[in-house]
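As a plain string of letters, each chain reads:
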Number of protein chains: 2
Amino acid sequence: MTQMQNTREKLIKKAFQEIYRNGFQGTRIDIVLNKTGVAKGALYHHFKDKNELGYAVVDELLTNMTIQTWIQPFENAQNPIDELIATIDNIFTKPTKQIIQTGCPLNNLAQEMSTVDEGFRKRIDKIYSLWRSSIADALTKGQSKGFVREDIESDKVATFIVASIAGCLGAGKNSRDINVLKDCGHSLINYLDSLRC
Amino acid sequence: MTQMQNTREKLIKKAFQEIYRNGFQGTRIDIVLNKTGVAKGALYHHFKDKNELGYAVVDELLTNMTIQTWIQPFENAQNPIDELIATIDNIFTKPTKQIIQTGCPLNNLAQEMSTVDEGFRKRIDKIYSLWRSSIADALTKGQSKGFVREDIESDKVATFIVASIAGCLGAGKNSRDINVLKDCGHSLINYLDSLRC
DNA sequence: TATAAAACAGACGGACTGGTCGGTCAATTT
DNA sequence: AAATTGACCGACCAGTCCGTCTGTTTTATA
């Protein structure tokens, strides 16, 4: 019973790493098994099939990662634009090797799988929706506090911000050039500054 | 000799469609063969292996598609911002079903494969570099013509524009929601407007 | 038309892959 | 103590999939 949580979590964590490196379609069940030391029967005891394992990675890992990195910071933010810029600056100008070489795990999976499998698409879309509405809310609150221009539409701008962050991280990964990432971050921050009152 | 071009081109075109739908790793050689009516021996006469077929799709198809859609319009443009907005408006507010459901073929492949295989990454990066420098050049020329703000750095802004376009198309695909695409396009156009003199 | 080279055909190899299935064992329940 | 539960095991299977190999046909050239 206690072991169950361990095995299940172990599988999800390792599956995430493999998916992050090789994509979902490039991930091999046997490799996940080898690297965790879990037997095949155990995996198929916890998950119906390979897809369900992937879904669990999205639902139970990527969701939390996104919340921690991009959503939590807003919870107690005074000025949403300051907070956004701080987060972006932190990730874009001091990127880990992981980020430059492998990009954003959510975006990678999204671009690979949302065309191929509807189960992935819906789950990933849920995360993006959450992220968008978190930023939209923060912007709206920022407007009433007088931090954000009144003439912008929070929803639309939030959608654009999320899309741009994903796009910039993707561009950084493709080029493997830290300057591309920095340039993107720089322009993105300029844009965010333009939203101030 | 004439047949050779036909067979080769036929394979590349069909491989592109399969890759666009299923990703490269999800593409099956046998399916490409069935759908073209080409025999396996013929394919392996023209291409060393599956990767080489994929590389040919990038070099010979995606490159031209990108040039036609995103680069050619600038060749004779007076005001680069007008031209950019026109192109974006055209694609984002009147998107084909293809674009909403399957996104940008270049970006899909980029996000899937640039982590997995260096051959793909380099080829794809080449296309993005071309695209970026095309926009950067146009912006710089636009500055000397007095259409574009003097205080922006063309290179950085071009990098951001390309990344944002890719990000917005990806966001549209994930959500399968035409409004997401439109909202993104709207905000992107606002940003481009802010670059005018 | 003879000859060589290029293009094409498709059966086959065999490593690999996702998934199955009968069985074990320790912990709970009755 | 007997019965039951459920996590876990790992050999095995059926099917997949890339790539090879042995020809045959077509085309170019002399």
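Residues numbered from 1 in each chain as written. Chains lettered and ligands numbered in written order. Predicted model: local features only at pLDDT ≥ 70, side-chain atom pairs only at ≥ 80, totals over all residues. Heavy atoms only, no water.

Where an unreviewed UniProt entry is consulted, chain A appears under the name TetR/AcrR family transcriptional regulator, with the organism given as Candidatus Thiodiazotropha taylori.

Caption draft 1: Summary view of the interface of chain B and chain A. Counting from both sides, the interface comprises 43 residues of chain B and, opposite them, 43 residues of chain A. Buried area between chain B and chain A, summed over both chains or domains, comes out near 3,500 Å², and the portion from carbon and sulfur atoms is 54%. On the surface where chain B and chain A come into contact, there are 0 salt bridges. Here chain B and chain A share 13 residue pairs in polar contact (both at pLDDT 80 or more) between them. Those elements that place two or more of their residues in the side of chain B that touches chain A are helix 1 (2-22), helix 6 (97-102), helix 7 (105-113), helix 8 (118-144), helix 9 (154-175) and helix 10 (178-193) of chain B. (Contact = heavy atoms within 4.5 Å. Buried area = accessible area lost by both parts, 1.4 Å probe. Salt bridge = Lys/Arg side-chain N within 4 Å of Asp/Glu carboxyl O. Polar contact = N/O pair within 3.5 Å; in protein donor to acceptor, adjacent residues only side chain to side chain. Helix = DSSP H or I, 4+ residues; strand = E, 2+ residues; numbered from the N terminus.)

Caption draft 2: Representation of the relation of the copies chain B and chain A within the structure. Least-squares fitting of chain B to chain A yields an RMSD of 0.0 Å, with the superposition described by an axial translation of 0.0 Å and a rotation of 180°. Taken together, the rotation and translation relating the two chain copies correspond to the operation of a two-fold axis. Among all C-alpha atoms of chain B, that of glycine 167 of chain B lies closest to the rotation axis, at 1.8 Å. Here 100% of the contact residues of chain B are again contact residues in chain A; the copies associate through an equivalent surface. (Least-squares fit on C-alpha atoms with pLDDT ≥ 70 in both.)

Caption draft 3: Summary view of the packing of helix 9 (residues 154-175) of chain A against helix 10 of chain B. With their axes 8 Å apart at the nearest point, helix 9 of chain A and helix 10 of chain B run at an angle of 90° to one another. In this view, helix 9 of chain A runs roughly perpendicular relative to helix 10 of chain B, as classed from their interaxial angle. Two secondary-structure elements touch here, helix 9 of chain A through Lys156, Val157, Thr159, Phe160 and Ala163 of chain A and helix 10 of chain B through Val180, Asp183, Cys184, His186, Ser187 and Leu188 of chain B. (Axes fitted to C-alpha atoms, helices over the stretch in contact; angles between N-to-C directions. Parallel < 35°, antiparallel > 145°, perpendicular 65-115°, else oblique.)

Caption draft 4: Here's a closer look at the protein's contact with DNA strand D. Around DNA strand D there are 17 residues in total, and Thr7, Gly41, His45 and His46 of chain A together with Lys40 of chain B lie nearest to it. Taking the atoms of DNA strand D that fall within 4 Å of the protein, sugar and phosphate contribute 62% of them. Here a phosphate oxygen of DNA strand D and a side-chain polar atom of tyrosine 44 of chain B are 3.0 Å apart. At 2.8 Å from a phosphate oxygen of DNA strand D is found a main-chain nitrogen or oxygen belonging to lysine 50 of chain B. Taken together, the elements giving at least two residues each to the surface near DNA strand D come down to helix 1 (2-22) and helix 3 (40-46) of chain A together with helix 3 (40-46) of chain B. The element that contributes the greatest number of residues to the surface near DNA strand D is helix 3 of chain A, accounting for 5 residues. When the residues that make up the surface near DNA strand D are grouped by side-chain class, the tally is 6 nonpolar, 6 polar and 5 charged. (Near = heavy atom within 4 Å. Nonpolar A, V, L, I, M, F, W, Y, C, P; charged D, E, K, R; others polar.)

Caption draft 5: Geometry of the pattern of salt bridges. For the structure shown, the criterion picks out 22 salt bridges over all chains. With a closest N to O distance of 3.5 Å, glutamate 153 of chain A and lysine 156 of chain A form a salt bridge. Note on lysine 156 of chain A: relative accessible area 22%, which makes it partly exposed. As a salt-bridge pair, lysine 40 of chain B and aspartate 30 of chain B come within 2.9 Å of each other at their nearest N and O atoms. Taken as a pair, lysine 40 of chain B in helix 3 and aspartate 30 of chain B in helix 2 (residues 29-36) lie far apart in primary sequence, 10 residues in all. (Buried < 20%, exposed > 50% of the residue type's maximum accessible area, 1.4 Å probe, protein only.)

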